[in-house]
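So you can see what is in the structure, the chains are spelled out below.
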Amino acid sequence: MDICRVCLNSTVTLVDIFAKREQVDQANPEPCLADMLNEIAVCHVKLDDTFPQHICLSCVLGAQNAWRFKNKCESSYKQLIAIKEQQQQKEQQLQQQQEQQLKAKEEIVCEESKVIEIKLEPLEVEKETTTQAITLKPYKCGMCSKAFADVTILRVHKKWHAEIRSKAQAAVAQVTRKPIEKLQKTVKTKKKEIKKFRKRTADTSDRPFKCTECNQGFFKNLHLTRHMRIHTGECPYECPYCSEAFYRSDYRKRHIEYEHRVTDPAPKLRSRRASK
C-alpha cells in the first residue's frame with residue numbers, strides 16, 4: 001500500500017520507517033523512524049506486520065520533533081533532580097555545621113559556669129594556724145544575688161541586665177506614647193472649639209440666622225443648619241471604616257486621619273456614596 005502509515009494520505013514522496021538515517025549529531029544519535037513512533041506513541045510498529053512501511057515528509061518532521069521534545073523533557077527532569085539533590089546536601093552540611101557550632105558554645109558556657117573551689121593554704125598568725133577551704137566568688141552582681149569568680153563573666157552578666165531593662169523601657173514607652181499623644185490632640189481641639197464658640201456667641205446682633213433653641217446667630221443659613229444638628233442629634237456623615245458618625249464632614253475627616261491613619265479618604269468616601 002503506497003500510503004502514509006500515520007496520516008493515511010497517498011503522496012509521491014514517502015520515507016521508509018525502518019531505513020537507517022544519517023546522523024547529524026554524532027554525540028546524540030537518533031534511532032530510526034519506527035523506533036521513534038514506538039517511543040512517542042503506542043502504535044506497536046513492527047517490521048513483519050501487514051501495515052504500510054512508509055510515512056510522508058510532514059509526518060517524518062512531526063515524529064522527529066515529538067521524539068526530540070520527549071527526550072529534552074526527560075533530560076531536563078534528570079538535571080533538575082540532580083540540582084535538587086545537591087541543594088539538599090548543601091543544606092544538610094550547613095545544618096550539621098550549625099549544630100557543631102552550637103554544641104561548642106554550650107561546652108564553653110558549661111566550663112565557665114563551673115564552681116571554682118580553691119583551698120587556701122594554712123596561715124600563721126601569732127601562734128595560731130588555721131586551715132580554711134572556701135569557694136572564691138568575690139565578684140557579686142549589684143542587681144541580683146548572683147556572684148562570679150571572674151570579672152569578665154560579671155561584665156557579661158551586667159550587659160544582660162542592661163539589655164532586659166532597655167527592652168522593658170522601650171515596650172512601656174511604646175504602650176503609653178499613643179494614648180498620651182491622642183489625649184493631647186483631643187485637648188488642643190477642644191480648646192480651639194471653645195475659643196470659636198466664644199467668638200460666635202459674643203455678638204449676634206448682625207447675624208440674621210438665629211437658632212430657636214439657644215438664640216445663637218449665624219451669617220449663613222448653611223451654618224445654622226449645621227448647628228441645628230447639635231440639638232437634633234442628627235449625624236449624617238458616617239465613617240467608612242467603622243460605625244462612628246458625625247454631624248460635620250470635617251470632624252469625620254479628622255477622625256479618619258487620626259484613628260484609621262488614612263491621609264486621603266476621598267476615594268473611599270466616593271465609593272461609599274456610589275454604593276448608596
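The model shown is predicted, which means the values in this text are computed figures rather than measured ones. (Residues numbered from 1 in each chain as written. Predicted model: local features only at pLDDT ≥ 70, side-chain atom pairs only at ≥ 80, totals over all residues. Heavy atoms only, no water.)

Engineer: Just checking my understanding: could you explain the overall build of the protein chain for this structure?
Structural biologist: Along the protein chain, the regular secondary structure elements total 6 helices and 12 strands. Out of the 276 residues in the protein chain, the part that is buried amounts to 17%. Of the accessible surface of the protein chain, which amounts to about 22700 Å², a share of 54% is contributed by carbon and sulfur atoms. (Helix = DSSP H or I, 4+ residues; strand = E, 2+ residues; numbered from the N terminus. Buried < 20%, exposed > 50% of the residue type's maximum accessible area, 1.4 Å probe, protein only. Areas by Shrake-Rupley, 256 points an atom, 1.4 Å probe, with all protein chains shown as cover.)

Engineer: Can you walk me through a positive patch on the surface in this structure?
Structural biologist: There is a patch of like positive charges on the surface, built from Lys185, Lys188, Lys191, Lys192, Lys195, Lys196, Arg226 and Arg261. Top element by residues in the positive patch is helix α3 (residues 151-202). It accounts for 6 residues. In this structure Arg226 comes out as partly exposed when scored by relative accessible area, which is 31%. (Patch = residues over 30% accessible without salt bridge, like charges linked within 9 Å, V, L, I, M, F, W, Y side chains within 5 Å. Salt bridge = Lys/Arg side-chain N within 4 Å of Asp/Glu carboxyl O. Lys, Arg positive; Asp, Glu negative; His and termini not counted. Charge placed at Lys NZ, Arg CZ, Asp CG, Glu CD.)

Engineer: Is there a simple way to explain unusual backbone geometry in this structure?
Structural biologist: The phi torsion of most residues other than glycine is negative, and most of the peptide bonds are trans. The backbone phi angle of His44 is positive, close to 50 degrees, even though this residue is not glycine. Here His44 shows up in the loop between α1 (33-40) and β2 (54-56).

Engineer: Looking at this structure, how should I read helix α4 (residues 221-232)?
Structural biologist: The α-helix winds at 3.6 residues per turn, so residues separated by three or four positions along the chain end up facing the same way. Counted at 1.5 Å a residue, the expected span for α4 with its 12 residues is 16 Å, and the 16 Å between its end C-alpha atoms agrees. Within the span of α4, buried status applies to Leu224, His227 and Arg229. As for α4, its buried residues are in contact with β9 (209-210), β10 (217-218) and β11 (237-238). Positive backbone phi, at 80 degrees, marks Gly233, one or two positions downstream of α4. (Expected span 1.5 Å × (residues − 1). Contact = heavy atoms within 4.5 Å.)

Engineer: What am I meant to see in the nonpolar core here?
Structural biologist: Counting residues in hydrophobic clusters, the biggest one holds 14 residues, and the most contacted among them are Cys4, Ile17, Leu33, Ala34, Val45, Ile55 and Cys59. Elements represented by at least two residues in this core include exactly α1, β2 and α2 (57-112). Every residue in contact with Cys4, bar those within four places of it in the chain, is listed here: Asn9, Leu14, His54, Ile55, Cys56 and Cys59. (Core = buried A, V, L, I, M, F, W, Y, C linked by side-chain atoms within 4.5 Å.)

Engineer: Quick question: what am I supposed to make of the pattern of salt bridges here?
Structural biologist: Close approach of charged atoms allows side chains of opposite charge to pair. Applying the stated criterion across every chain, the model contains 4 salt bridges. Here Arg68 and Glu30 are joined by a salt bridge, their closest N and O atoms 2.7 Å apart. Remark: Glu30 occurs in the loop between β1 (14-16) and α1 and Arg68 occurs in helix α2; sequence separation between them is 38 residues. Residue classification places Arg68 among the partly exposed residues on the basis of a relative accessible area of 39%. Taking the relative accessible area as the measure of exposure, Glu30 reaches 18% and is therefore buried.

Engineer: In this structure, what is going on with helix α5 (residues 249-259)? I would like to understand it.
Structural biologist: Turning to α5, its buried residues are Tyr251, Arg252, His255 and Ile256. The buried residues of α5 occupy one face: seen down the axis, they fall within an arc of 135 degrees. (Arc of directions from axis to C-beta.)

Engineer: Got a minute to help me understand the confidence of the model for the protein chain in this structure?
Structural biologist: Interpretation of this model should avoid reading the predicted coordinates in detail wherever pLDDT is low. Per-residue confidence for the protein chain averages 79 on the pLDDT scale, and 79% of its residues sit at or above 70. Note on residues 115-134: pLDDT under 50 across the span, and 19 contacts to partners over four residues away in sequence or across chains. (pLDDT = per-residue confidence, 0-100.)

Engineer: It is not clear to me how the environment of His260 should be interpreted in this structure. Could you clarify?
Structural biologist: The topology assignment puts His260 in the loop between α5 and α6 (266-275). For the pair His260 and Tyr241, spaced 19 residues apart in the sequence, the C-alpha separation amounts to 7.5 Å. Non-local contacts of His260, meaning those with residues more than four positions away in its chain, are made with Cys239, Tyr241, Cys242 and His255. Here His255 takes part through its side chain, which lies 3.4 Å from a polar atom of the side chain of His260. (Polar contact = N/O pair within 3.5 Å; in protein donor to acceptor, adjacent residues only side chain to side chain.)

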